[in-house]
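Each chain is listed here by its residues.
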Amino acid sequence: QVQLVESGGGLVQAGGSVRLSCAASGRTFSRYAMAWFRQAPGKEREFVGEVVWLAGSTSYGDSVKGRFTISRDNAKNTVYLQMNSLKPEDTAVYYCAGRNLASPQYDFWGQGTQVTVSS
């Protein structure tokens, strides 16, 4: 059974940085892409970015380009989201998700971790 467990959220001041982690277990992820999404109160879920596990290639949503970086550690089966130059509008619950590369559908989701950016 696949498990995704996020950690690293918390309260940070605007302009600061936070790194989120997503520990993945339950299968081999070499044919998967892992993504971060976020959802703020009253807003729809937003795509933050994705990393293709084997290739390491990344893509990002427009609102975070140049500020956020996704990476993965194959040995630890962990995906990271490094968030820099944080803004109050980055406040949200951040979710880790996984999909098979053969499908656009994200099949696995973590429980989420709260990031709050104070002004």
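Here we summarise the structure given alongside this text. (Residues numbered from 1 in each chain as written. Predicted model: local features only at pLDDT ≥ 70, side-chain atom pairs only at ≥ 80, totals over all residues. Heavy atoms only, no water.)

Attention shifts here to the overall build of the protein chain. A tally of helices and strands in the protein chain yields zero helices and 11 strands. Counting helices and strands in the order they occur from the N terminus, the protein chain gives β-β-β-β-β-β-β-β-β-β-β. Against the compact-globule benchmark of 14 Å for 119 residues, the protein chain has a radius of gyration of 13 Å, which places it among compact chains. Projecting the C-alpha coordinates of the protein chain onto the three principal axes gives extents of approximately 40 × 25 × 25 Å. In the protein chain, which comprises 119 residues, the proportion classed as buried is 42%. Relative to all contacts within the protein chain whose residues are 6 or more apart in sequence, the contacts with residues 24 or more apart total 52%. Carbon and sulfur atoms provide 46% of the accessible area of the protein chain, an area that totals close to 6,200 Å². Measuring between centres, the 12 positive side-chain charges of the protein chain sit 5 Å from its 9 negative side-chain charges. (Helix = DSSP H or I, 4+ residues; strand = E, 2+ residues; numbered from the N terminus. Rg over C-alpha atoms; globule rule 2.2 N^0.38 Å. Buried < 20%, exposed > 50% of the residue type's maximum accessible area, 1.4 Å probe, protein only. Contact = heavy atoms within 4.5 Å. Areas by Shrake-Rupley, 256 points an atom, 1.4 Å probe, with all protein chains shown as cover. Lys, Arg positive; Asp, Glu negative; His and termini not counted. Charge placed at Lys NZ, Arg CZ, Asp CG, Glu CD.)

Below, the discussion takes up the pattern of salt bridges. Scanning the model with the defined rule gives five salt bridges in all. The shortest N-O distance in the salt bridge between Glu-46 and Arg-38 comes to 2.8 Å. Judged by its relative accessible area of 29%, Glu-46 falls in the partly exposed class. Residue Arg-38 is classed as buried on the basis of its relative accessible area, which comes to 6%. Arg-99 serves as the salt-bridge partner of Glu-50, at 2.9 Å between the closest nitrogen and oxygen. Here Arg-99 lies in strand E9 (residues 92-100) and Glu-50 lies in strand E5 (residues 46-52), a separation of 49 residues in the sequence. (Salt bridge = Lys/Arg side-chain N within 4 Å of Asp/Glu carboxyl O.)

If you trace the backbone, Arg-38 turns up in strand E4 (residues 32-39). Polar side-chain contacts of Arg-38 include one of 3.3 Å to the side chain of Ser-63. Residues in contact with Arg-38, not counting those within four places in the same chain, are Glu-44, Arg-45, Glu-46, Val-48, Ser-63, Val-64, Phe-68, Glu-89, Asp-90, Ala-92, Val-93 and Tyr-94. (Polar contact = N/O pair within 3.5 Å; in protein donor to acceptor, adjacent residues only side chain to side chain.)

Residues of strand E11 (residues 113-118) alternate between two faces, with Thr-113, Val-115 and Val-117 buried on one and Gln-114, Thr-116 and Ser-118 left unburied on the opposite face. The pairing of E9 with E11 spans three bridges and is classified as antiparallel. Bridge assignment links Ala-92 to a residue of E11, and that residue is Val-115. (Pairing = 2+ DSSP bridges.)

Enumeration according to the criterion identifies seven aromatic pairs in this entry. Considering the side-chain rings of Phe-37 and Tyr-106, the 5.0 Å spacing of their centres and the 85° angle between planes classify their relative orientation as edge-to-face. Residue Phe-37 is located in strand E4, and its partner Tyr-106 is located in the loop between E9 and strand E10 (108-109); the two are separated by 69 residues in the primary sequence. Taken individually, Phe-37 and Tyr-106 each receive the classification buried, so the pair is uniform in this respect. Three or more aromatic residues link up through ring pairs in this structure, and these residues are Phe-29, Tyr-32, Trp-53 and Phe-108. (Phe/Tyr/Trp six-rings, centres within 6.5 Å; stacked < 30°, edge-to-face > 60°.)

None of this, on its own, says anything about what the molecule does.
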